[in-house]
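Now for the letters of each chain:
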Amino acid sequence: MFQFMLVVGLVLAYYGYSVTKNPHVWGDQGRHAVKEENWNRYVRLNGQFVMYTGFLFAALAALDAAVSLPTWLYLLILVGGTMVLLYPLSHWMHENEGSWNPWPHKESEKHKRKRLAKEQTRQARKEKNGQK
């Protein structure tokens, strides 16, 4: 089992590193769900997440080879580590996209009207401040 996890971890780490250096490696996965001006940063953060997850998998595989871990400890480290790694991406998504969820969702008419009203008031304030 540890050989498989080690290989998967190293592949994920390499893929994540290549995505952080060249966002075009990511492709168009999720492009329609993210604002265009945030796309490169979104891809870099996803690359970092994949890279850190790969390092975690490789470290767990090495630890599993060195010491026979109880199953509950292994799952605790795996789930806890993944949750810790997901926090920066979800925090960034909430700040820049308005939602922690990177997958697209259908916007209701009520929310669409509220968003458009906020944009209009924001633009009116900008124009008012620009005229002063």
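Quantities reported herein were computed from a predicted structural model and do not represent experimental measurements.

(A) Layout of the pattern of salt bridges. Evaluation of the coordinates by the stated rule reveals two salt bridges. Linking lysine 112 and glutamate 109 is a salt bridge whose minimum nitrogen-to-oxygen distance equals 3.9 Å. Placement of both lysine 112 and glutamate 109 in helix α4 (residues 109–131) is noted, with a separation of three residues, approximately one turn of the helix. Put simply, glutamate 119 and arginine 115 hold a salt bridge, and the shortest N to O gap is 3.2 Å. Of this pair, glutamate 119 and arginine 115 both sit in helix α4, four residues apart, roughly one helical turn. By relative accessible area, glutamate 119 is classed as partly exposed at 35%. On the basis of relative accessible area, arginine 115 is assigned to the partly exposed category, the value being 35%.

(B) Summary view of the confidence of the model for the protein chain. Residue-level pLDDT values for the protein chain average 79, and 88% of them are 70 or greater. Across the protein chain, α4 holds the top mean pLDDT of 87, while helix α3 (residues 71–97) sits lowest at 74.

About the cut-offs
- All chains use their own residue numbering, which begins from 1 and follows the written sequence.
- Since the coordinates come from a predicted model, pLDDT governs what is reported: local features require at least 70, and pairs of side-chain atoms require 80 or more to be given and counted, while whole-chain, interface and lining totals use all residues.
- Hydrogens are left out, water is left out, and the side-chain values use all remaining heavy atoms of the structure.
- By convention in these notes, a salt bridge is any Lys or Arg side-chain nitrogen within 4 Å of a carboxyl oxygen on Asp or Glu.
- Numbering of helices and strands runs from the N terminus, with a helix taken as a DSSP run of H or I at least four residues long and a strand as a DSSP run of E at least two residues long.
- Categorising residues by exposure relies on relative accessible area from a 1.4 Å probe, with only protein chains included: less than 20% of the type maximum marks a residue as buried, more than 50% marks it as exposed, and the intermediate range marks it as partly exposed.
- pLDDT: the predictor's confidence for each residue, scored from 0 to 100.

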